[in-house]
Amino acid sequence: MKPAAESNSDPATNTLPDDAAGSSPLLARIEALLSQMTLEEKIGQLTQVSGNQAQTGPLSLASADRDGLRSGRVGSMLNVLGAHYTRAHQEEAMQSRLKIPLLFAHDVIHGYLTTFPVPLAEAASFDLQAIEKSARVAATEAAAAGIHWTFAPMVDVTRDPRWGRVTEGAGEDPYLAAQIAAARVKGLQGRQRGDTDAVLATAKHFAGYGATVGGREYDSVDMSLRQLWETHLPPFKAARDAGAATFMNAFNDLNGVPATGNRYLLRDILKGAWGFEGVVVSDWASIGEMVSHGHAADTRQAAELALNAGTDIDMESSAYRKHLPALVAEGRVSLALVDDAVRRVLRLKFELGLFEDPYRFSDPAREKALLGHASHRHAAREMAARSIVLLKNGTRAGRPVLPLDPALKTIAYIGPLVKAHKDHHGAWAVTLPEVDCEKFIVSPWDGLRQRLNGHTQLLYAQGCDVEGSRRDGIAEAVAAASAANLVIACVGESAAMSGEARSRSRIGLPGVQDDLLQALQTTGKPLVVLVNAGRPLIINSVAACADALLYTWWLGSEAGHAMADVLSGDHNPAARLPMSFPRHEGQIPVYYNHFSTGRPRQASVEVPWAGGYIDVETTPAYAFGHGLSYTQFAYADLQLDRPRMHADESLTVTLQLTNTGPVAGDEVVQLYLRDRVGSVVRPVMELKGFQRVHLQPGESRELRFAITRESLAFYNDSLQCVAEPGWFDVMVGASSADIRLRGSFELMD
Ligand code: GLC
């Protein structure tokens, strides 16, 4: 059962009617050019090859296919960086018969030269404005470097921290992920298409990639269509509605059909029901990989399946270039479908103004002026501080361990990541060979030393490596700790341990870092731990050792400054976890918006005949939405402006929030709903609103949330999007496990 198509395209093929040319000068220009193109030139527009300034997949083609550029057999390139190189490749393309300009694409995932926190860290900020600003800066720098198109945002929802690519997304919740997807698309695409401070966005990986079996990279995905629509599609729909110019296939099969050749995903949903008029690009060689999937007998059949299913551009497999001419000649792929794909590509090039000036993005002066600009670094530092999650803050001698006491005489800064630089860029950072990471990235050591500015002595010991079993540095670390008044440990994964092709079956601290922390704890000194990772780690023993615990993810170019801002109290942390943190790998998947089941889980493993495990609590170590602050907030006076609502109405929830603590701070107020009874069972709670609010000490503010039909709707067993009459619970709190106020209302129809 599939949702009905809602667009004006031809349902059979989702191609726009070719009389569209009469409707606008742009379409007339596209038709005029299309009419001059040979089949080989058309297929050239559907062929994308990699340059050699980065490698993001197993190279299958000679890099930078020069002949293809001059003969119009290449329409776009990825991994070509900088005004100089993009201009050089464009000049070759301008030697082709029709002088159709190239598009240049790159994975600008969390910044170009100025690197922002990894996307999962940014999601922890629950700050849509800051996230949009981050994408705006990334687009400004990338466009200044000649890039037209970024393969971002990655919007895959995932509940499995073993999967290395969790670092690229927005975590486990479809609502949060959808809000962030829209913010990132708007930030990347800016005011209007063709602005030279904006790039084309890509919603990826369409779809279901975050649900691979076992969190294993490139593995299968098998789920009900209801789960697909309810959990995994909302961020893609949000990206589409925000105007994302392109979509990218996922590597996985979905219920046995590879996403690259999945007509249901690409033609029924994306180009059909959603009326998407942009471009679908394959993931790296994913067309050819349908042979490995066992879905195509050879790359010829793979090309036929992919184009007929709705994949417009072939990245790096060269299947289209090799086989489409014969497939069209034999009628196995219609010329109309090829033309539709080419129209979509040409439209982007016209909209970017590349036919008027193919070099308008390749401007060395703009590149020099904008990359790494001070205002960009300031935005990165602010975003990084807003992404740090305070998980624990104990007290010593009657005062909280954090923020650091300015009277401290000596601090020992210990761990394998204290003086690291490149690691703090995290996965998918753009590597520019001319950039000296040691100078460009602020290490934790640099950041705190600058902040303390000599008022407090700072001791250093590495203690151990990130990985490996060497323990001979622990004694030196203990000695440094013993000589200090307080110890800060900076531990975690290496940046290369998360990201693509980085799934891990065990997600604790690697190496002997746990031993280092336990040795430091024996000194009896207050111990602050910073955990750097691209994913949730299992940190039970870390939390047991630490007096205070900050989750610092991978924070980008300004990592050290942001950590120092939070450690010193210059920035009061307020970020919240966008994913549940498991107590054990055996708990995975653990997520907050689960079903009640017939025998609901109990907090204690002692309760007989209850859901869950007998050997570990069913609750996560840290809940979705959890995060602490240096101040405290009181929630009061929940009001619903009506006891019941009709589906065409909006119900308003209000409450009073007060900063009852000693310092100013932000609070991320979260609104959850529960649909008590449904024609299909409904989650025990679902995030349906959040606000990050800044209050001075003693300040109170009324907050308002609107509940509409959209907040209540879900996909029923017939895949219809419905809101069913009945009672709903309203829960407002500081996390999914810290509900402060409750209410309820009835939906009447
Ligand atoms: C990679 C990734 C994808 C990326 C593409 C181009 O394999 O799966 O996210 O955009 O190839 O680098």
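Residues numbered from 1 in each chain as written. Predicted model: local features only at pLDDT ≥ 70, side-chain atom pairs only at ≥ 80, totals over all residues. Heavy atoms only, no water.

Asks: Just checking my understanding: could you explain the confidence of the model for the chain for this structure?
Replies: For residues with low pLDDT, the predicted coordinates do not support detailed interpretation. Per-residue pLDDT for the chain has a mean of 95; in total, 96% of the residues score no lower than 70. Residue range residues 1-9 is modelled with pLDDT below 50. Its contacts to residues more than four positions away, or to other chains, number 22 contacts. (pLDDT = per-residue confidence, 0-100. Contact = heavy atoms within 4.5 Å.)

Asks: Where do I start with the site of the ligand in this structure?
Replies: Residues in close proximity to the ligand total 13 residues, the closest being Thr-56, Asp-107, Arg-165, His-205 and Asp-283. With respect to the ligand, the side chain of His-205 contributes an N or O atom lying 2.7 Å from an oxygen atom. The side chain of Glu-500 places a nitrogen or oxygen atom 3.0 Å from an oxygen atom of the ligand. Protein chains bury 100% of the 310 Å² of accessible surface belonging to the ligand in isolation. (Near = heavy atom within 4 Å. Polar contact = N/O pair within 3.5 Å; in protein donor to acceptor, adjacent residues only side chain to side chain. Areas by Shrake-Rupley, 256 points an atom, 1.4 Å probe, with all protein chains shown as cover.)

Asks: Just checking my understanding: could you explain the sheet that holds strand S4 (residues 149-150) for this structure?
Replies: Across the sheet, five strands lie side by side as S4-S3-S2-S1-S10; this open sheet has parallel pairing. Where the open sheet ends on each side, the last strands, each with one partner, are S4 and strand S10 (314-315). Here strand S3 (residues 103-106) pairs with S4 via two bridges, running parallel. From the neighbouring strand, His-106 faces S4, where its bridge partner is Thr-150. (Pairing = 2+ DSSP bridges. Helix = DSSP H or I, 4+ residues; strand = E, 2+ residues; numbered from the N terminus.)

Asks: Would you explain the side chain of Thr-523 in this entry?
Replies: Summarising the element assignment, Thr-523 is placed in the loop between helix H20 (513-521) and strand S17 (527-532). Using a relative accessible area of 18% as the deciding quantity, one classes Thr-523 as buried. Polar side-chain contacts of Thr-523 include one of 2.6 Å to the backbone oxygen of Leu-520. Among residues more than four places away in sequence, those in contact with Thr-523 are Val-478, Ala-481 and Ser-482. (Buried < 20%, exposed > 50% of the residue type's maximum accessible area, 1.4 Å probe, protein only.)

Asks: I would appreciate a short explanation of the packing of aromatic side chains in the present structure.
Replies: A ring pair, where both rings are aromatic, is described by two values, the distance of the centres and the angle of the planes. In total, this model carries 23 aromatic pairs according to the counting rule given. On the basis of an interplanar angle of 85° and a centroid distance of 6.2 Å, the ring pair of Phe-581 and Tyr-622 is categorised as edge-to-face. With Phe-581 in the loop between helix H22 (559-568) and strand S19 (633-640) and Tyr-622 in the loop between H22 and S19, the pair connects residues that are 41 residues apart, well separated along the chain. This pair shows no difference in class: Phe-581 is buried, exactly as Tyr-622 is. With centroids separated by 4.5 Å and ring planes inclined at 10°, the aromatic side chains of Tyr-592 and Phe-624 adopt a geometry described as stacked. (Phe/Tyr/Trp six-rings, centres within 6.5 Å; stacked < 30°, edge-to-face > 60°.)

Asks: Is there a simple way to think about the pattern of salt bridges in this case?
Replies: Where charged atoms of side chains with opposite charge meet at close range, the side chains can pair. Under the counting rule described, the total for this entry stands at 52 salt bridges. Across the pair Glu-667 and Arg-576 runs a salt bridge, and its minimum N-O distance is 2.9 Å. On the criterion of sequence distance, the pair formed by Glu-667 in strand S22 (residues 665-675) and Arg-576 in the loop between H22 and S19 is long-range, its members being 91 residues apart. Grouping residues by exposure puts Glu-667 and Arg-576 together as buried. One continuous salt-bridge network, built from bridges that share partners, spans Asp-127, Glu-382, Arg-386, Asp-666 and Arg-692. (Salt bridge = Lys/Arg side-chain N within 4 Å of Asp/Glu carboxyl O.)

Asks: Would you mind showing me how to read the side chain of His-205 here?
Replies: Take His-205: it is sitting in strand S5 (residues 202-206). According to the relative accessible area criterion, His-205 is buried, its value standing at 1%. Of the polar contacts made by the side chain of His-205, one reaches the side chain of Arg-165; its length is 3.4 Å. In this structure His-205 touches Met-154, Asp-156, Arg-165, Glu-168, Phe-236, Met-248, Asn-249, Ala-250 and Asp-283, once residues within four positions along its chain are discounted.

Asks: It is not clear to me how the packing of helix H18 (residues 444-452) against H22 should be interpreted in this structure. Could you clarify?
Replies: Working note: a packed helix pair is described by the angle between its axes plus the distance between those axes. Relative to each other, H18 and H22 sit at 50°, their axes nearing to 7 Å. With respect to H22, the element H18 is oriented oblique. In this structure, the crossing between H18 and H22 has a hand that is right-handed. Residue-level contacts link Pro-444, Gly-447, Leu-448, Gln-450 and Arg-451 of H18 to Gly-560, His-561, Met-563, Ala-564, Leu-567 and Ser-568 of H22. When the residues that make up the contact of H18 with H22 are grouped by side-chain class, the tally is five nonpolar, five polar and one charged. (Axes fitted to C-alpha atoms, helices over the stretch in contact; angles between N-to-C directions. Parallel < 35°, antiparallel > 145°, perpendicular 65-115°, else oblique. Left-handed = near helix turned anticlockwise from the far one by under 90°. Nonpolar A, V, L, I, M, F, W, Y, C, P; charged D, E, K, R; others polar.)

Asks: Sorry if this is basic, but what is going on with helix H7 (residues 174-189) here?
Replies: Turn by turn, an α-helix covers 3.6 residues, leaving residues three or four places apart pointing in a common direction. Over its 16 residues, H7 runs 22 Å from end to end, which matches the ideal 22 Å to within 8%, given 1.5 Å per residue. In terms of burial, H7 is a largely internal element, 13 of the 16 residues being buried. In this structure Asp-173 caps H7, since a side-chain oxygen of it lies 3.0 Å from the backbone nitrogen of Tyr-175. Of the residues one or two after H7, Gly-190 is the one with positive phi, at around 60°. (Expected span 1.5 Å × (residues − 1).)

Asks: For this particular structure, what's the right way to read helix H10 (residues 263-273)?
Replies: The buried count for H10 comes to nine of eleven residues, which makes it a mostly enclosed element. Looking at H10, one finds that the buried residues are Tyr-264, Leu-265, Leu-266, Arg-267, Ile-269, Leu-270, Lys-271, Gly-272 and Ala-273. The N-terminus of H10 is capped by Asn-262, whose side-chain oxygen sits 3.2 Å from the backbone nitrogen of Tyr-264. Residue Gly-275 follows H10 closely and has a positive phi angle near 60°.

Asks: Explanation requested: the pairing of S17 in the structure shown.
Replies: Regular strands show a simple pattern: their side chains alternate between the two faces of the sheet. The element S17 is largely enclosed, with a buried count of six among its six residues. Judged by which residues are buried, S17 turns out to be covered on both faces: Leu-527, Val-529 and Val-531 on one side and Val-528, Leu-530 and Asn-532 on the other are all buried. For strand S16 (residues 486-492) and S17, the ladder comprises six bridges, and the chain directions are parallel. Looking across to S17, one finds that Ile-488 is bridged to Val-528. The parallel pair S16 and S17, bridged by H20, forms a crossover whose chirality is right-handed. Summarising the sheet, S17 and strand S18 (residues 548-551) pair through four bridges and their orientation is parallel. (Right-handed = clockwise from strand over helix to strand, strands pointing away.)

Asks: Help me understand unusual backbone geometry, please; the structure alone is not making it clear to me.
Replies: In terms of backbone geometry, most residues other than glycine have negative phi values and most peptide bonds are trans. The omega torsion across Lys-204 and His-205 is 0°, close enough to zero to call that bond cis. Between Ile-588 and Pro-589 the backbone carries a cis peptide bond, its omega angle lying at 5°. Along the chain, the position of Pro-589 falls in the loop between H22 and S19. Backbone geometry at Phe-126 places phi at a positive 45°, although glycine is not the residue there. With respect to the helices and strands, the residue Phe-126 is situated in the loop between helix H5 (119-124) and helix H6 (128-144). Here Phe-126 falls in the buried class, since its relative accessible area comes to 2%. At Tyr-218, a position not held by glycine, the phi torsion is positive, near 60°.

Asks: What exactly am I supposed to notice about the sheet that holds S19 here?
Replies: Within a beta sheet, neighbouring strands are joined by backbone hydrogen bonds and run either parallel or antiparallel to one another. Pairing is antiparallel across the open sheet formed by three strands, whose spatial order is S19-S21-S24. In this open sheet, the two strands that pair with only one neighbour each are S19 and strand S24 (700-707). Taken pair by pair, the neighbouring strands of this sheet meet at an average axis angle of 25°, ignoring direction. By the bridge criterion, six bridges tie S19 to strand S21 (residues 651-659) in an arrangement that is antiparallel. Along S21, the bridge assignment pairs Gln-639 with Thr-654.

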